Amino acid sequence: MDPPVGRIPTLFGAGDGPSEGLKVLIEAYRDASPENMRRLVEIMVYDKARFAIPEPCKARSDAALARPEHLRNYVDGLPQGAPLPKWVKPELLPVIQVPTLLIHGRNDRVVSYETSLFLLANIPNSRLVVLNHCGHWAMIEHADEFDRLVTDFVADN
């Protein structure tokens, strides 16, 4: 789901640094205030009016602030490549033998959908569903469709 593969060149992705979404995510982990959590939710979804509302953003802030060690571990790990210090080796993708479902939000501001196109082109038995009007949180913004896609995929494979 909206998978970061590593630093592959993209036409629509961030140039030479973190994406817009990752920058907001990092700032929210550095300062998990309700305002930064609102900015995080806004960057993760396409439909801000529906999802970036005060109560869930405050709850997200409260939950994050209740686990300062988690926030600190993430921020401290950034120089080592957090959140994913080990990236997929693209040359290993053609070796994947299991059926693979890729789901990506077309309006994702965290990971460019080109990443999923790259995976689709390189994993032999893969299929990709790109959801329009959808950000990074496909499982939240399009919960019913996401659940149906995953359930059908698992049942058929």
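Residues numbered from 1 in each chain as written. Predicted model: local features only at pLDDT ≥ 70, side-chain atom pairs only at ≥ 80, totals over all residues. Heavy atoms only, no water.

Q: So what's going on with the pattern of salt bridges? Which residues, and what values?
A: In this structure the tally under the stated criterion is five salt bridges. Glu20 is the partner of Arg109 in a salt bridge, and the nearest nitrogen-oxygen pair spans 2.7 Å. Here Arg109 is found in the loop between strand S1 (100–105) and helix H6 (114–122), whereas its partner Glu20 is found in helix H1 (residues 20–30), with 89 residues between them in sequence. Two residues, Arg38 and Glu42, come together in a salt bridge whose shortest N-O distance is 2.5 Å. Here Glu42 and Arg38 lie together in helix H2 (residues 34–44), a separation of four residues that amounts to about one turn. Judged by relative accessible area, which is 26%, Arg38 ranks as partly exposed. Judged by its relative accessible area of 23%, Glu42 is partly exposed. (Salt bridge = Lys/Arg side-chain N within 4 Å of Asp/Glu carboxyl O. Helix = DSSP H or I, 4+ residues; strand = E, 2+ residues; numbered from the N terminus. Buried < 20%, exposed > 50% of the residue type's maximum accessible area, 1.4 Å probe, protein only.)

Q: Describe the environment of Glu141, with residues and values.
A: Looking at the secondary structure, you find Glu141 in helix H7 (residues 138–141). In the structure, Glu141 is positioned 96 residues away from Val45 in sequence and 7.0 Å away in space, judged by C-alpha atoms. Not counting chain neighbours up to four residues away, the residues in contact with Glu141 comprise Met44, Val45, Tyr46, Asp47, Arg50, Phe51, His133, Cys134 and Gly135. At 2.9 Å, the side chain of Glu141 forms a polar contact with the backbone nitrogen of Tyr46. A distance of 2.7 Å separates the side chain of Glu141 from the backbone nitrogen of Gly135, its partner in a polar contact. (Contact = heavy atoms within 4.5 Å. Polar contact = N/O pair within 3.5 Å; in protein donor to acceptor, adjacent residues only side chain to side chain.)

Q: For the confidence of the model for the chain, give the residues involved together with the corresponding values.
A: Predicted confidence across the chain gives a mean pLDDT of 86, with 84% of residues reaching 70 or more. Per-element confidence in the chain ranges from a low mean pLDDT of 86 for helix H5 (residues 68–77) to a high of 98 for helix H8 (residues 143–156). (pLDDT = per-residue confidence, 0-100.)

Q: Describe in detail the pairing of strand S2 (residues 126–131), supporting the description with residues and values.
A: Note: S1 against S2, six bridges, orientation parallel. Across the sheet, the residue bridging to Thr100 is Ser126, located in S2. The parallel pair S1 and S2 is bridged by H6, and the resulting crossover is right-handed. (Pairing = 2+ DSSP bridges. Right-handed = clockwise from strand over helix to strand, strands pointing away.)

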